[in-house]
Amino acid sequence: MKTLSPAPLILAGALASALGVAAPAFAQHHDHAQHTTDDATTQASPTQDEHAQHDHGAMSHAAPAAIATSPREPIPAITADDLAAAFPAIDHHAMQHAPAFNHKVTFNRLEAWDADEGTGQAWEGIAWFGTDTDRLWLRSEGERIGGHTESADLEVLYGRSVSPWWDVVAGVRHDFKPGDARTWAAVGVQGMAPYRFEVAATAYIGEDGQVAANVEAEYTLRITNRLVLQPLVEVDIAAKDDLDYGIGRGVSGIEAGLRLRYEIRRRFAPYVGVVHERVFGDTADHRRADGESPRDTRFVAGVRLWF
(Lines give C-alpha, C1' and ligand atoms only; values in the text may rest on other atoms or scores of the structure.)
Protein backbone atom coordinates (compact mmCIF):
# COMPACT_ATOMS: atom_id res chain seq x y z
CA MET A 1 0.00 0.00 0.00
CA LYS A 2 1.38 3.37 -1.11
CA THR A 3 1.34 6.34 1.12
CA LEU A 4 0.31 9.83 -0.30
CA SER A 5 2.77 12.56 0.15
CA PRO A 6 1.66 15.55 2.26
CA ALA A 7 2.04 18.09 -0.55
CA PRO A 8 -1.06 17.13 -2.50
CA LEU A 9 -3.13 17.11 0.73
CA ILE A 10 -1.98 20.59 1.61
CA LEU A 11 -2.77 21.78 -1.90
CA ALA A 12 -6.31 20.32 -1.72
CA GLY A 13 -7.02 21.93 1.64
CA ALA A 14 -5.90 25.31 0.41
CA LEU A 15 -8.14 25.04 -2.66
CA ALA A 16 -11.17 24.14 -0.50
CA SER A 17 -10.52 27.07 1.78
CA ALA A 18 -10.29 29.41 -1.15
CA LEU A 19 -13.60 28.22 -2.52
CA GLY A 20 -15.32 28.57 0.90
CA VAL A 21 -14.26 32.20 1.24
CA ALA A 22 -15.22 33.08 -2.29
CA ALA A 23 -18.85 31.89 -1.91
CA PRO A 24 -19.83 34.33 0.87
CA ALA A 25 -18.02 37.10 -0.90
CA PHE A 26 -19.99 36.45 -4.05
CA ALA A 27 -23.24 36.35 -2.13
CA GLN A 28 -22.41 39.64 -0.43
CA HIS A 29 -21.53 41.17 -3.76
CA HIS A 30 -24.83 39.98 -5.16
CA ASP A 31 -26.87 41.49 -2.29
CA HIS A 32 -25.08 44.80 -2.60
CA ALA A 33 -25.79 44.91 -6.28
CA GLN A 34 -29.46 44.20 -5.67
CA HIS A 35 -29.66 47.01 -3.05
CA THR A 36 -28.03 49.37 -5.50
CA THR A 37 -30.57 48.43 -8.11
CA ASP A 38 -33.48 49.12 -5.66
CA ASP A 39 -32.05 52.54 -4.75
CA ALA A 40 -31.69 53.39 -8.39
CA THR A 41 -35.26 52.41 -9.03
CA THR A 42 -36.48 54.53 -6.08
CA GLN A 43 -34.52 57.57 -7.18
CA ALA A 44 -35.68 57.11 -10.75
CA SER A 45 -39.43 57.53 -9.78
CA PRO A 46 -39.71 60.56 -7.38
CA THR A 47 -43.04 61.73 -8.78
CA GLN A 48 -44.80 58.56 -7.67
CA ASP A 49 -43.83 59.08 -3.99
CA GLU A 50 -44.81 62.76 -4.10
CA HIS A 51 -48.13 61.85 -5.65
CA ALA A 52 -48.72 59.27 -2.95
CA GLN A 53 -47.89 61.79 -0.20
CA HIS A 54 -50.14 64.42 -1.79
CA ASP A 55 -53.10 62.04 -1.91
CA HIS A 56 -52.61 61.05 1.72
CA GLY A 57 -52.68 64.68 2.86
CA ALA A 58 -55.76 65.40 0.81
CA MET A 59 -57.55 62.45 2.37
CA SER A 60 -56.62 63.66 5.88
CA HIS A 61 -58.15 67.11 5.23
CA ALA A 62 -61.20 65.79 3.43
CA ALA A 63 -62.21 63.33 6.14
CA PRO A 64 -63.78 65.85 8.65
CA ALA A 65 -65.85 67.49 5.91
CA ALA A 66 -67.16 64.14 4.82
CA ILE A 67 -68.10 63.31 8.41
CA ALA A 68 -69.92 66.67 8.95
CA THR A 69 -71.97 66.53 5.79
CA SER A 70 -72.75 62.83 5.84
CA PRO A 71 -73.88 61.62 9.33
CA ARG A 72 -73.49 57.97 10.10
CA GLU A 73 -77.22 57.69 10.82
CA PRO A 74 -79.23 60.06 8.59
CA ILE A 75 -82.11 61.91 10.35
CA PRO A 76 -85.43 60.53 9.18
CA ALA A 77 -88.02 62.85 7.72
CA ILE A 78 -90.69 64.22 10.16
CA THR A 79 -94.01 62.48 9.75
CA ALA A 80 -97.55 63.53 10.61
CA ASP A 81 -97.51 61.19 13.62
CA ASP A 82 -94.37 62.92 14.93
CA LEU A 83 -96.04 66.33 14.69
CA ALA A 84 -99.17 65.05 16.42
CA ALA A 85 -97.13 63.66 19.30
CA ALA A 86 -95.14 66.89 19.72
CA PHE A 87 -98.15 69.23 19.50
CA PRO A 88 -101.23 67.45 20.86
CA ALA A 89 -104.60 69.15 20.63
CA ILE A 90 -105.37 70.84 23.99
CA ASP A 91 -108.58 72.58 24.91
CA HIS A 92 -107.99 76.33 25.34
CA HIS A 93 -110.08 76.49 28.49
CA ALA A 94 -108.12 73.62 30.04
CA MET A 95 -104.85 75.40 29.31
CA GLN A 96 -105.91 78.52 31.19
CA HIS A 97 -107.41 76.87 34.26
CA ALA A 98 -106.07 73.81 35.99
CA PRO A 99 -108.71 71.49 37.47
CA ALA A 100 -106.88 70.99 40.78
CA PHE A 101 -108.74 71.89 44.00
CA ASN A 102 -106.94 74.51 46.10
CA HIS A 103 -107.57 76.90 48.98
CA LYS A 104 -106.13 79.99 50.62
CA VAL A 105 -106.96 81.90 53.81
CA THR A 106 -105.61 85.43 54.19
CA PHE A 107 -105.96 87.97 57.00
CA ASN A 108 -105.01 91.20 55.29
CA ARG A 109 -105.49 93.14 58.51
CA LEU A 110 -105.27 92.08 62.13
CA GLU A 111 -104.54 95.38 63.83
CA ALA A 112 -104.92 97.42 66.99
CA TRP A 113 -104.77 101.10 67.96
CA ASP A 114 -105.28 103.38 70.91
CA ALA A 115 -108.47 105.49 70.87
CA ASP A 116 -110.18 107.88 73.29
CA GLU A 117 -112.85 105.28 73.94
CA GLY A 118 -110.24 102.61 74.65
CA THR A 119 -108.11 100.19 72.70
CA GLY A 120 -109.47 99.35 69.27
CA GLN A 121 -109.05 96.24 67.16
CA ALA A 122 -110.04 95.49 63.59
CA TRP A 123 -109.85 92.56 61.19
CA GLU A 124 -110.36 91.99 57.50
CA GLY A 125 -109.98 88.52 56.03
CA ILE A 126 -110.73 86.58 52.89
CA ALA A 127 -110.66 82.89 52.04
CA TRP A 128 -111.40 80.81 48.97
CA PHE A 129 -111.81 77.12 48.24
CA GLY A 130 -112.10 75.52 44.81
CA THR A 131 -110.54 75.52 41.36
CA ASP A 132 -109.28 78.32 39.17
CA THR A 133 -112.71 78.73 37.58
CA ASP A 134 -115.16 77.97 40.40
CA ARG A 135 -114.63 78.99 44.01
CA LEU A 136 -116.40 79.44 47.30
CA TRP A 137 -115.40 82.81 48.77
CA LEU A 138 -115.64 83.87 52.41
CA ARG A 139 -115.11 87.53 53.31
CA SER A 140 -115.33 89.08 56.75
CA GLU A 141 -114.43 92.33 58.46
CA GLY A 142 -115.23 93.99 61.74
CA GLU A 143 -114.17 96.40 64.44
CA ARG A 144 -114.10 96.45 68.23
CA ILE A 145 -113.56 99.47 70.51
CA GLY A 146 -113.25 99.37 74.28
CA GLY A 147 -114.17 95.70 74.40
CA HIS A 148 -117.41 96.15 72.43
CA THR A 149 -118.04 94.98 68.87
CA GLU A 150 -119.01 97.98 66.78
CA SER A 151 -119.37 96.16 63.44
CA ALA A 152 -118.99 92.62 62.10
CA ASP A 153 -120.12 90.86 58.94
CA LEU A 154 -119.61 87.67 56.97
CA GLU A 155 -120.09 87.12 53.23
CA VAL A 156 -120.49 83.72 51.58
CA LEU A 157 -120.14 83.99 47.81
CA TYR A 158 -119.85 81.77 44.78
CA GLY A 159 -117.24 83.04 42.34
CA ARG A 160 -116.92 82.26 38.65
CA SER A 161 -113.89 83.25 36.60
CA VAL A 162 -114.88 85.23 33.50
CA SER A 163 -111.39 86.26 32.38
CA PRO A 164 -107.79 85.66 33.45
CA TRP A 165 -108.05 88.65 35.82
CA TRP A 166 -111.68 88.90 36.92
CA ASP A 167 -114.29 86.89 38.83
CA VAL A 168 -118.02 87.45 39.14
CA VAL A 169 -119.35 86.71 42.63
CA ALA A 170 -122.83 86.23 44.03
CA GLY A 171 -124.16 85.11 47.40
CA VAL A 172 -125.27 86.48 50.76
CA ARG A 173 -123.91 88.82 53.41
CA HIS A 174 -124.90 88.72 57.06
CA ASP A 175 -124.37 91.72 59.36
CA PHE A 176 -124.01 90.80 63.01
CA LYS A 177 -123.43 94.42 64.06
CA PRO A 178 -124.29 97.31 64.25
CA GLY A 179 -127.86 97.14 65.47
CA ASP A 180 -129.97 94.08 64.85
CA ALA A 181 -128.61 91.35 62.61
CA ARG A 182 -129.76 91.43 59.00
CA THR A 183 -129.02 89.62 55.72
CA TRP A 184 -128.32 90.95 52.24
CA ALA A 185 -128.18 89.44 48.77
CA ALA A 186 -124.81 90.24 47.20
CA VAL A 187 -123.48 90.37 43.63
CA GLY A 188 -120.28 91.91 42.32
CA VAL A 189 -116.93 91.60 40.60
CA GLN A 190 -113.39 91.34 41.89
CA GLY A 191 -109.99 91.06 40.32
CA MET A 192 -106.92 92.84 39.01
CA ALA A 193 -107.43 96.18 37.25
CA PRO A 194 -104.82 97.77 34.95
CA TYR A 195 -101.61 98.89 36.69
CA ARG A 196 -102.07 96.02 39.19
CA PHE A 197 -104.81 97.57 41.32
CA GLU A 198 -106.77 94.92 43.22
CA VAL A 199 -110.43 95.92 43.06
CA ALA A 200 -113.62 94.52 44.57
CA ALA A 201 -117.00 96.11 43.83
CA THR A 202 -120.14 94.58 45.38
CA ALA A 203 -123.80 95.61 45.44
CA TYR A 204 -126.16 94.56 48.25
CA ILE A 205 -129.95 94.29 48.41
CA GLY A 206 -131.42 94.17 51.90
CA GLU A 207 -134.45 92.36 53.27
CA ASP A 208 -136.48 95.59 53.43
CA GLY A 209 -135.42 96.83 49.98
CA GLN A 210 -132.31 98.70 51.04
CA VAL A 211 -129.66 98.97 48.34
CA ALA A 212 -126.03 99.61 49.16
CA ALA A 213 -122.64 99.18 47.54
CA ASN A 214 -119.02 98.90 48.55
CA VAL A 215 -115.96 99.53 46.39
CA GLU A 216 -112.47 98.70 47.62
CA ALA A 217 -109.16 99.22 45.81
CA GLU A 218 -105.65 98.53 47.03
CA TYR A 219 -102.20 98.55 45.52
CA THR A 220 -99.07 96.63 46.48
CA LEU A 221 -95.86 98.64 46.10
CA ARG A 222 -92.80 96.48 46.75
CA ILE A 223 -90.01 98.79 47.94
CA THR A 224 -87.55 95.95 48.53
CA ASN A 225 -87.85 92.21 48.39
CA ARG A 226 -89.41 92.22 51.88
CA LEU A 227 -90.54 95.79 52.54
CA VAL A 228 -94.00 96.48 51.08
CA LEU A 229 -96.13 99.64 51.09
CA GLN A 230 -99.86 99.08 50.61
CA PRO A 231 -102.32 101.95 50.14
CA LEU A 232 -106.04 101.18 50.33
CA VAL A 233 -109.24 103.12 49.65
CA GLU A 234 -112.75 101.90 50.55
CA VAL A 235 -116.00 103.69 49.67
CA ASP A 236 -119.50 102.92 51.02
CA ILE A 237 -122.59 104.04 49.10
CA ALA A 238 -126.27 103.88 50.06
CA ALA A 239 -129.16 104.24 47.61
CA LYS A 240 -131.51 105.61 50.28
CA ASP A 241 -131.56 106.65 53.93
CA ASP A 242 -131.35 103.92 56.53
CA LEU A 243 -132.14 105.80 59.72
CA ASP A 244 -132.22 102.72 61.96
CA TYR A 245 -128.53 102.21 61.30
CA GLY A 246 -127.50 105.86 61.04
CA ILE A 247 -126.74 105.76 57.31
CA GLY A 248 -127.70 108.53 54.90
CA ARG A 249 -128.22 108.38 51.15
CA GLY A 250 -125.26 108.84 48.80
CA VAL A 251 -121.60 108.34 49.64
CA SER A 252 -121.90 107.50 53.30
CA GLY A 253 -118.23 107.03 54.13
CA ILE A 254 -114.66 106.79 52.84
CA GLU A 255 -111.75 105.05 54.50
CA ALA A 256 -108.15 105.51 53.31
CA GLY A 257 -105.21 103.63 54.75
CA LEU A 258 -101.49 103.39 54.21
CA ARG A 259 -99.67 100.40 55.71
CA LEU A 260 -95.99 99.51 55.59
CA ARG A 261 -95.21 95.87 56.26
CA TYR A 262 -92.07 93.80 56.51
CA GLU A 263 -92.38 90.23 55.26
CA ILE A 264 -90.36 88.16 57.70
CA ARG A 265 -91.81 85.34 55.69
CA ARG A 266 -94.26 85.62 52.82
CA ARG A 267 -96.91 84.17 55.10
CA PHE A 268 -96.19 86.42 58.09
CA ALA A 269 -95.66 90.18 57.89
CA PRO A 270 -96.00 92.70 60.75
CA TYR A 271 -96.91 96.26 59.74
CA VAL A 272 -97.51 99.80 60.92
CA GLY A 273 -99.77 102.33 59.27
CA VAL A 274 -102.13 105.24 59.39
CA VAL A 275 -105.89 105.15 58.66
CA HIS A 276 -108.24 108.06 58.01
CA GLU A 277 -111.99 107.60 58.05
CA ARG A 278 -114.66 110.18 57.18
CA VAL A 279 -118.44 110.10 56.76
CA PHE A 280 -120.57 112.53 54.73
CA GLY A 281 -124.06 113.98 54.43
CA ASP A 282 -126.79 112.60 56.62
CA THR A 283 -124.44 109.95 57.95
CA ALA A 284 -122.21 112.69 59.36
CA ASP A 285 -125.26 114.33 60.95
CA HIS A 286 -126.17 111.07 62.66
CA ARG A 287 -122.64 110.77 64.02
CA ARG A 288 -122.73 114.29 65.43
CA ALA A 289 -126.13 113.62 67.00
CA ASP A 290 -124.62 110.62 68.80
CA GLY A 291 -121.74 112.74 70.05
CA GLU A 292 -119.18 111.28 67.64
CA SER A 293 -116.86 113.04 65.20
CA PRO A 294 -117.55 112.57 61.47
CA ARG A 295 -113.84 111.97 60.87
CA ASP A 296 -111.15 109.97 62.60
CA THR A 297 -107.42 109.43 62.10
CA ARG A 298 -105.55 106.67 63.90
CA PHE A 299 -102.16 105.00 63.84
CA VAL A 300 -102.32 101.24 63.74
CA ALA A 301 -100.00 98.28 64.19
CA GLY A 302 -100.80 94.76 63.18
CA VAL A 303 -99.87 91.68 61.22
CA ARG A 304 -100.77 90.25 57.85
CA LEU A 305 -100.74 86.48 57.46
CA TRP A 306 -101.97 83.78 55.13
CA PHE A 307 -102.04 80.02 55.03
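On a predicted model such as this, the values are computed, not experimentally measured, just so you know.

Now for the side chain of R135. Among the structural elements, R135 can be located in strand β3 (residues 134–145). Owing to a relative accessible area of 16%, R135 belongs among the buried residues under this scheme. There is a polar contact of 3.0 Å between the side chain of R135 and the backbone oxygen of T131. Dropping the residues within four chain positions of it, R135 is found in contact with W128, F129, G130, L157, Y158 and G159.

Quick look at the pairing of strand β12 (residues 268–279) now. The sheet contact formed by strand β11 (residues 250–262) and β12 spans 9 bridges and is antiparallel. Considered in β12, the bridge of I254 is made with R278. Hairpin connection of β11 to β12: 5 residues between the antiparallel strands. Where β12 and strand β13 (residues 295–306) come together, 11 bridges link them in antiparallel fashion. Each bridged residue has a counterpart across the sheet, and for V274 the counterpart in β13 is F299.

Counting residues in each nonpolar core, the largest one holds 8 residues, listed as W128, W137, L157, V169, W184, A186, Y204 and A212. Counting residues in each nonpolar core, the second largest holds 6 residues, with W113, A122, I145 and V300 among its members.

Our next topic: the confidence of the model for the protein. Mean pLDDT over the protein stands at 81; residues scoring 70 or higher make up 74%. In this model residues 1–66 is a low-confidence stretch, pLDDT under 50, and it forms 1 contact with partners more than four residues away in sequence or in other chains.

Here we come to a negative patch on the surface. A cluster of acidic residues, D114, D116, E117 and E150, forms a negative patch at the surface. Tracing the backbone through its elements, the reader meets D116 in the loop between β1 (102–115) and β2 (118–130).

One pass over the full model with this rule turns up 16 salt bridges. Between D175 and R173 there is a salt bridge, and its shortest N-O distance comes to 2.8 Å. Taken individually, D175 and R173 each receive the classification buried, so the pair is uniform in this respect. Several salt bridges share partner residues, and in doing so they unite E143, E277, R287, E292, D296 and R298 into one network.

As defined by bridge partners, β1 adjoins β2 across 13 bridges and the pair is classed as antiparallel. In the strand pairing of β2, R109 is matched with E124. As consecutive antiparallel partners, β1 and β2 are separated by 2 residues. Across 5 bridges, the pairing between β1 and β13 is antiparallel. Bridge assignment links L110 to a residue of β13, and that residue is V303.

A cluster of nonpolar side chains, contributed by L136, L154, V156, V172 and F176, occupies part of the molecular surface with about 380 Å² of accessible area. Those elements giving two or more residues to the nonpolar patch turn out to be β4 (148–161) and β5 (166–177). Here V172 is to be found in strand β5. Given the relative accessible area of 44%, V172 is considered partly exposed.

Of note, the amide linkage connecting K177 to P178 takes the cis form, showing an omega dihedral of 0°. Looking at the element boundaries, P178 is found in the loop between β5 and β6 (182–193). If you check the backbone angles, Y195 has positive phi at about 70° while not being a glycine. By the secondary structure assignment, Y195 is in the loop between β6 and β7 (197–206).

So, about the side chain of E111. Looking at the secondary structure, you find E111 in strand β1. Within the structure, the side chain of E111 is placed 3.0 Å from the side chain of R259, a separation counted as a polar contact. Aside from chain neighbours lying at most four places away, what touches E111 is G120, Q121, A122, R259, Y271, V275, V300, A301 and G302.

Mapped onto the secondary structure, A212 falls in strand β8 (residues 211–219). It is 9.8 Å that separates the C-alpha atoms of A212 and V251, two residues lying 39 residues apart in sequence. The residues touching A212, leaving out its near neighbours within four places in the chain, are W184, T202, A203, Y204, I237 and A238.

A word on the environment of V233. Positionally, V233 belongs in strand β10 (residues 227–238). Here the alpha-carbon distance between V233 and E216, two residues 17 residues apart in the chain, equals 5.8 Å. Setting aside residues no more than four positions away along its own chain, V233 makes contact with V215, E216, A217, I254, E255 and A256.

Quick notes on the rules
Residues numbered from 1 in each chain as written. Predicted model: local features only at pLDDT ≥ 70, side-chain atom pairs only at ≥ 80, totals over all residues. Heavy atoms only, no water. Helix = DSSP H or I, 4+ residues; strand = E, 2+ residues; numbered from the N terminus. Buried < 20%, exposed > 50% of the residue type's maximum accessible area, 1.4 Å probe, protein only. Polar contact = N/O pair within 3.5 Å; in protein donor to acceptor, adjacent residues only side chain to side chain. Contact = heavy atoms within 4.5 Å. Pairing = 2+ DSSP bridges. Core = buried A, V, L, I, M, F, W, Y, C linked by side-chain atoms within 4.5 Å. pLDDT = per-residue confidence, 0-100. Patch = residues over 30% accessible without salt bridge, like charges linked within 9 Å, V, L, I, M, F, W, Y side chains within 5 Å. Areas by Shrake-Rupley, 256 points an atom, 1.4 Å probe, with all protein chains shown as cover. Salt bridge = Lys/Arg side-chain N within 4 Å of Asp/Glu carboxyl O. Lys, Arg positive; Asp, Glu negative; His and termini not counted. Charge placed at Lys NZ, Arg CZ, Asp CG, Glu CD.

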